[in-house]
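# Geometric and topological summary
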Amino acid sequence: MQSTLKHYVQKDRIHLAIIMDGNRRWAARHGVDHCRGHEAGAEALRRIVQAAPDLGIGTLTVYAFASENWRRPAEETAAMMALFRRYLDSETEALVRDGVRLSVIGRRDRMEPALVAEIARSEAATQWGDAMHLRLAVDYSARAAILEAARRAAADAGAEDFSARLAENLAGECGDVDFLIRTANDHRLSDFLLWECAYAELCFTPCLWPDFGEAELAAALREFQGRIRAAGVAPAVSTRAA
């Protein structure tokens, strides 16, 4: 089945978004603290990043830390930021080797300067990767991103091209999301890529994020291939591979 997916990749690489949900529930289920759950989530991300290019993913945008997550206990948010820095430190070399470009979207003004510097180093080191574009959404809010994009569009463009500039500011080179997966069986977008997901196909799975792997990703992509994407017009084209 993977050969079919690989054929699909070569024809049309997609933009996949993932809401990586369920780390804390996984920790509770295994009788460990929340920090261990987030560590297991980072291990799952590593697996998916390794598998995704061969499964047809051109851009992978993952929800790593929502702006509203700052409301969690300070000890937990500090541990999550420390884990993020360790992830960058440990994974950048592998991303370069595998040709994966890394970008971080979201606010950086609430992060420690050392973490901001680590992000910049990782982005610079991986900037020439062409196998896949990995985007980590950290301290991210889609509503805030839309407001900021609208502010920039109003300042930079005349009324005649405001809409085009707004779309460019939001989606940029990555374009719209084709397929969004949310783990842990919650059925909502939670302020993630609201503009970019206007016509995305959605998949909600009960699998907790730390348990999500290549097999689960491949199964979701097979489901995506079988859907007909109409985007507001008569449904005539299927995503199925030829």
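Residues numbered from 1 in each chain as written. Predicted model: local features only at pLDDT ≥ 70, side-chain atom pairs only at ≥ 80, totals over all residues. Heavy atoms only, no water.

Quick look at the confidence of the model for the protein chain now. Residue-level pLDDT values for the protein chain average 89, and 88% of them are 70 or greater. When the elements of the protein chain are averaged for pLDDT, helix H1 (residues 2–11) gives the smallest value, 42, and strand E5 (residues 179–182) the largest, 98. Throughout residues 1–11 the model reports pLDDT below 50, and contacts reaching past four residues in sequence, or to other chains, amount to 23 contacts. (pLDDT = per-residue confidence, 0-100. Helix = DSSP H or I, 4+ residues; strand = E, 2+ residues; numbered from the N terminus. Contact = heavy atoms within 4.5 Å.)

The contact between helix H3 (residues 34–51) and helix H4 (residues 74–98) brings their axes to 10 Å, and the two run at 25°. By the angle between their directions, the pair H3 and H4 is classed as roughly parallel. Both H3 and H4 take part in a crossing whose hand is right-handed. Of H4, the residues touching H3 (which contributes His-34, Cys-35, His-38, Glu-39, Ala-42, Leu-45, Arg-46 and Val-49) are Glu-76, Ala-79, Met-80, Leu-83, Arg-86, Tyr-87, Ser-90, Glu-91 and Leu-95. (Axes fitted to C-alpha atoms, helices over the stretch in contact; angles between N-to-C directions. Parallel < 35°, antiparallel > 145°, perpendicular 65-115°, else oblique. Left-handed = near helix turned anticlockwise from the far one by under 90°.)

A few words now on helix H5 (residues 113–125). For H5, spanning 13 residues, the distance from its first C-alpha to its last is 18 Å, which sits close to the expected 18 Å at 1.5 Å a residue. Of all the positions in H5, only Leu-115, Glu-118, Ile-119, Ser-122 and Glu-123 are classed as buried. One side of H5 holds all its buried residues, which, seen down the axis, span an arc of 130°. (Expected span 1.5 Å × (residues − 1). Buried < 20%, exposed > 50% of the residue type's maximum accessible area, 1.4 Å probe, protein only. Arc of directions from axis to C-beta.)

By secondary structure assignment, the location of Glu-75 is in helix H4. Distance from Glu-75 to Cys-35, taken between C-alpha atoms, is 9.4 Å for residues 40 residues apart in sequence.

Scanning the model with the defined rule gives six aromatic pairs in all. Aromatic pair Tyr-63 and Tyr-140: ring centres 6.0 Å apart, planes at 85°, arrangement edge-to-face. In this pair, Tyr-63 is assigned in strand E2 (residues 57–66) and Tyr-140 in strand E4 (residues 132–140), connecting sequence segments 77 residues apart. Across the pair, exposure class does not vary: Tyr-63 and Tyr-140 are buried alike. Between the aromatic rings of Trp-209 and Phe-212, the centroid separation amounts to 5.5 Å while the plane-to-plane angle is 20°, which identifies the pairing as stacked. Trp-209 gets classed as buried once you look at its relative accessible area, which sits at 1%. What links up through ring pairs into an aromatic cluster is the set Tyr-63, Tyr-140 and Phe-192. (Phe/Tyr/Trp six-rings, centres within 6.5 Å; stacked < 30°, edge-to-face > 60°.)

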